[in-house]
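Structural characterization, general
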Amino acid sequence: MERKTIKAEMWDKVQYIFKNYYDGMMHCAFEYEGIVDEVVMRKALKQVVDKVDVLHSSFVANPVNPYWVVNYDYTEEDVLKVVEDDDFIAQIQKILTRRIDCKGKLQFEFTLLKGNNRSMLCFLINHMCFDGRDFMSFGKTVCETYNGLKADPDYKAKVKTGTRSAKQVYRDLPPELAKKAKTLYKNVSRTNIKLKFPFDEDKETDKSHIMRVDLDAQSLEKAKIRGKKNGFTVNDIYLAAFFRAIVKFFDGVDGTTPTEITSMLDLRRYLKGNDTDGFTNLTSYMPCKLTDGAGDSFAETLDRVKTALKPHKENPLLGLAGLPLMAFAFQAFPFAISQLAVKIGYTNPLVGMSNIGVIKSEYVDLVDAPATNAFMTGTVKFKPYMQVACTTFKGVATFTISERCSDNDLVKMKAFLEYMTGLISDYGEEKI
């Protein structure tokens with residue numbers, strides 16, 4: 001019998017091509033008070049995964065047209081591992097820094113960690129399948145299904161199963177804007193700013209790590225209140241803190257050095273309901289370039305960030321530039337050639353930020369185990385690339401840098417994140 005196949009979409013291919021820059025995995029952890037019912041969780045995960053074909057498929061990098069082959073020979077036992085250990089911190093590092101082979105049968109690893117009357121759900125998913133926004137949606141769907149099964153053993157998961165095509169981004173745009181968007185061939189990924197985090201040059205002892213620093217809810221709320229009063233968004237404040245940390249930690253950088261941070265942008269803003277039809281990638285880049293440098297103070301940096309982002313925020317087609325060029329490369333050439341074209345034409349950001357957003361407690365709470373903590377991270381970058389990712393849960397902002405690096409690099413990354421969060425806290429306290 002002929003096996004079912006799925007077309008590889010544009011961002012599936014891009015994530016595959018960029019596999020030499022990062023591990024291509026997304027990481028997420030939900031912590032709970034009490035012990036999660038592993039039998040029910042297995043059923044919930046199996047129901048949801050069954051309906052998201054790409055998660056139980058193998059990628060075939062065909063030199064002409066790559067595709068996914070759907071697999072059905074997996075069980076409830078395969079979808080969830082169970083680990084018992086009181087040391088959650090060590091286990092999280094071990095579990096979430098693994099790498100999944102895109103050619104394998106399953107594009108995920110889900111682990112239930114139990115110990116000391118606590119539980120933690122750890123999700124590891126291949127970024128080729130979908131992006132951070134749909135990662136969050138996936139976790140919500142799993143928790144909803146778990147709660148549904150707890151109330152009714154015959155409950156059936158409600159999972160979106162529509163198109164994964166990136167072309168859906170144009171569907172709900174006014175006709176004239178959609179027409180214009182499809183002509184935006186300009187490559188926005190190119191930059192002449194090549195600043196790098198001061199990683200150790202020696203890579204022999206490098207391992208994958210997730211460095212995490214939290215900003216307490218009270219400090220974040222004070223920063224938000226002051227920012228709103230003065231016309232700044234939370235994202236503006238995060239970027240300003242990031243730029244100030246670059247000035248402090250990057251070699252040869254001062255307040256006059258041209259600097260740039262590229263943020264990931266969710267393109268669901270152009271869809272009715274702000275959601276895709278199916279689980280997919282629908283992202284783009286938004287560069288924030290401070291041509292004259294970050295300035296001499298936090299206030300000056302914040303003003304420069306707002307000024308730099310103003311034309312982006314006023315652009316009715318923000319993030320859509322370059323997508324037609326990428327789509328053309330994949331359509332006009334066999335995959336083997338388009339891979340080279342994308343590598344030559346597109347630049348992976350050396351310094352990036354991904355503000356993934358708020359993880360709502362009602363999305364992850366279980367009926368028999370309330371969530372006490374939750375965070376998501378970006379992919380594990382390889383030197384010299386680095387990215388700061390952020391999620392917020394119950395008012396607490398979690399900043400992470402996921403990196404394959406040395407122990408000495410970890411020390412520098414922790415200092416970097418602590419400096420960033422310290423600046424945000426000081427801003428809220430009006431110390432800067």
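Here's a quick rundown of the structure. Bear in mind that the values here come from a model prediction, so they are computed numbers and not experimental data.

The rules behind each value
- Residues numbered from 1 in each chain as written.
- Predicted model: local features only at pLDDT ≥ 70, side-chain atom pairs only at ≥ 80, totals over all residues.
- Heavy atoms only, no water.
- Buried < 20%, exposed > 50% of the residue type's maximum accessible area, 1.4 Å probe, protein only.
- Helix = DSSP H or I, 4+ residues; strand = E, 2+ residues; numbered from the N terminus.
- Arc of directions from axis to C-beta.
- Contact = heavy atoms within 4.5 Å.
- 1 Å grid on protein atoms, 1.4 Å probe; cavity = no way out; pocket = protein on both sides within 12 Å on 5 of 7 lines; lining within 4 Å.
- Points joined across faces, edges and corners; volume = space filled by probe spheres on them.
- Nonpolar A, V, L, I, M, F, W, Y, C, P; charged D, E, K, R; others polar.
- Salt bridge = Lys/Arg side-chain N within 4 Å of Asp/Glu carboxyl O.
- Phe/Tyr/Trp six-rings, centres within 6.5 Å; stacked < 30°, edge-to-face > 60°.

1. Focus on helix α11 (residues 335-345)
All of the buried residues in α11 are Phe335, Ser338, Gln339, Val342 and Gly345. Viewed along the axis of α11, the buried residues span an arc of 145°, placing them on a single side of the element. Exposed residues on α11 whose side chains face more than 90 degrees from its buried face are Leu340 and Ile344. Considering only its buried residues, α11 is in contact with α1 (10-17) and α10 (323-332).

2. Some remarks on the layout of surface pockets
If a probe as big as a water molecule is rolled over the atoms, it shows which places are left empty. The calculated volume of the largest pocket comes to roughly 1100 Å³. Forming the boundary of the largest pocket are 48 residues, of which Met264, Asp266, Ser354, Asn355 and Ile356 lie nearest the centre. At 7 residues, strand β11 (residues 351-358) tops the list of elements feeding residues into the lining of the largest pocket. The residue makeup of the lining of the largest pocket, split by class, is 20 nonpolar, 19 polar and 9 charged.

3. What about the pattern of salt bridges?
In this structure the tally under the stated criterion is 30 salt bridges. Across the salt bridge formed by Arg171 and Asp277, the nearest N and O atoms sit 2.7 Å from each other. Taken together, the residues span a long stretch of sequence, with Arg171 in the loop between α5 (132-151) and α6 (175-181) and Asp277 in the loop between β9 (259-266) and β10 (283-290) at a distance of 106 residues. For Lys222, the salt bridge is made with Glu429, and the minimal N-O distance between the two is 3.0 Å. In this pair, Lys222 sits in helix α7 (residues 217-229) while Glu429 sits in the segment after α13 (407-428), placing the two residues 207 residues apart along the sequence. Here the residues in one salt-bridge network are Asp131, Arg133, Asp134, Lys160, Asp266, Arg268 and Asp275, joined through shared partners.

4. A short note on the packing of aromatic side chains
All told, the structure shown has 24 aromatic pairs when counted by the stated rule. Measuring from ring centre to ring centre gives 5.2 Å for Phe110 and Phe123, while their planes differ by 65°; the resulting arrangement is edge-to-face. Here Phe110 is found in strand β6 (residues 108-115), whereas its partner Phe123 is found in strand β7 (residues 118-126), with 13 residues between them in sequence. Relative to Phe416, the ring of Phe250 lies with its centre 6.2 Å away and its plane at 35°, an arrangement referred to as tilted. Of the two residues, Phe250 sits in the loop between α8 (234-249) and β9 while Phe416 sits in helix α13, which places them 166 residues apart along the sequence. With respect to class, Phe250 is no different from Phe416; both count as buried. Taken together, the aromatic side chains of Phe30, Phe108, Phe110, Phe123, Phe130, Phe138 and Phe279 make up a single cluster linked through ring pairs.

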